[in-house]
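# Secondary and tertiary structure notes
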Amino acid sequence: MLPKARLLPPKHQKGNLIRITPSGQACGAQVTGVDLTKPLSDETVAAIRSAWLEHHVLSFPDQAMSDDDLERFTRYFGDFGHDPFFDPIAGREHIAAIRRDADEKSPLFAENWHSDWSFQAHPPAGTCLFGITIPPVGGDTWFANQHAALDAMPDDMRAQYEGLTAIHSAQMAYAPDGAYGEKDEGRSMAIRPDESAREIQTHSLVREHPETGRPGLFSCMGYIIGFQGMEQQQALPLLQQLYAWQSRDEFVYRHQWQANMLTMWVNRSVLHCATGGYDGHDRLLHRTTISAYQA
């Protein structure tokens, strides 16, 4: 049973109240009482943003949104971010299709834990994902709360990571010889591998959220390929230990999709990964990226 919902005071759209129902898991909440196919008031946007920062992942069921609606909603929370290795859908600059066809045999996309585009100099603040074709089974997205992961970390373990600067790169995924590179055949998604994926960027491993000030772990092994000033043979065991800790069950929210559901997450606060279990079924979602915090 879900925890009791609470009503947020700002009135909007003919006087209805936004209802926030926490998932009862490590993060995540469902939002009802708002129509995302219509423009939102400043009060409504502020209420949604407050809930987003508190719960890190918000889902909005029963929203028959068009691509115009998705773009308008995204812009309430920032400019559009840059998606370097996806081609957008036809006729749009900022919407990508997260797609898998029923007969597809390629490895599942994004099945490893990650934080979106952490290898950028200014990683995106968040991501919006809208469910269009949702299989009757499988396809859940898992989210791991990285504030909770840091808070629960034992002191001796935390001391190993405090003050470290992580080296990020997309090379293992999006370089021509990466997982989604030239040998990745039969994939329905419009992924665009490139040599630029070999570039590196550094970020502090423990980072404060620029709006809430709450510290958390940022990104994980995969996009993090090492630590600044540390030999690889020393860094690799630390990365493996960290990865296992970050994704422990007690930090995870398991999100179940519905058609016409919008889900948005705070990129600084959570890791996420895709799951399968829907072979023989088409799956299609449309994605936008919310630009980086510049603070």
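Keep in mind it's a predicted model, so treat the numbers as computed, not measured. (Residues numbered from 1 in each chain as written. Predicted model: local features only at pLDDT ≥ 70, side-chain atom pairs only at ≥ 80, totals over all residues. Heavy atoms only, no water.)

A few words now on the environment of Asp101. Assignment of secondary structure puts Asp101 in the loop between β5 (96-100) and β6 (124-133). Considered as a pair, Asp101 and Arg207 are 106 residues apart in the sequence and their alpha carbons are 38 Å apart. The residues touching Asp101, leaving out its near neighbours within four places in the chain, are Ser188, His281 and Asp282. Within polar-contact distance, the side chain of Asp101 engages the side chain of Arg99 at 2.9 Å. (Helix = DSSP H or I, 4+ residues; strand = E, 2+ residues; numbered from the N terminus. Contact = heavy atoms within 4.5 Å. Polar contact = N/O pair within 3.5 Å; in protein donor to acceptor, adjacent residues only side chain to side chain.)

For Cys27, the location among the structural elements is in the loop between β2 (16-22) and β3 (29-32). Leave out the neighbours within four places in its chain, and Cys27 touches His55, His56, Val57, Phe143, Asn145, Tyr253 and Val270.

Moving on to the pattern of salt bridges. Proximity of charged atoms lets side chains of opposite charge pair with each other. Inspection of the entire model under this criterion finds 18 salt bridges. Residue Glu211 is joined to Arg49 by a salt bridge in which the shortest nitrogen-to-oxygen separation is 3.1 Å. With Glu211 in the loop between β10 (206-208) and β11 (215-217) and Arg49 in helix α1 (residues 42-55), the pair connects residues that are 162 residues apart, well separated along the chain. By relative accessible area, Glu211 is classed as partly exposed at 38%. Sharing partners across several salt bridges, the network here consists of Asp68, Glu71 and Arg92. (Salt bridge = Lys/Arg side-chain N within 4 Å of Asp/Glu carboxyl O. Buried < 20%, exposed > 50% of the residue type's maximum accessible area, 1.4 Å probe, protein only.)

Another aspect to go through is unusual backbone geometry. Residue His56 is not a glycine yet carries a positive backbone phi of 75 degrees. Among the structural elements, His56 can be located in the loop between α1 and β4 (57-60). With phi around 60 degrees, Asp62 is a residue other than glycine that occupies positive phi space. Turning to its location among the elements, Asp62 is positioned in the loop between β4 and α2 (67-75). Classification of Asp62 as exposed rests on a relative accessible area of 65%.

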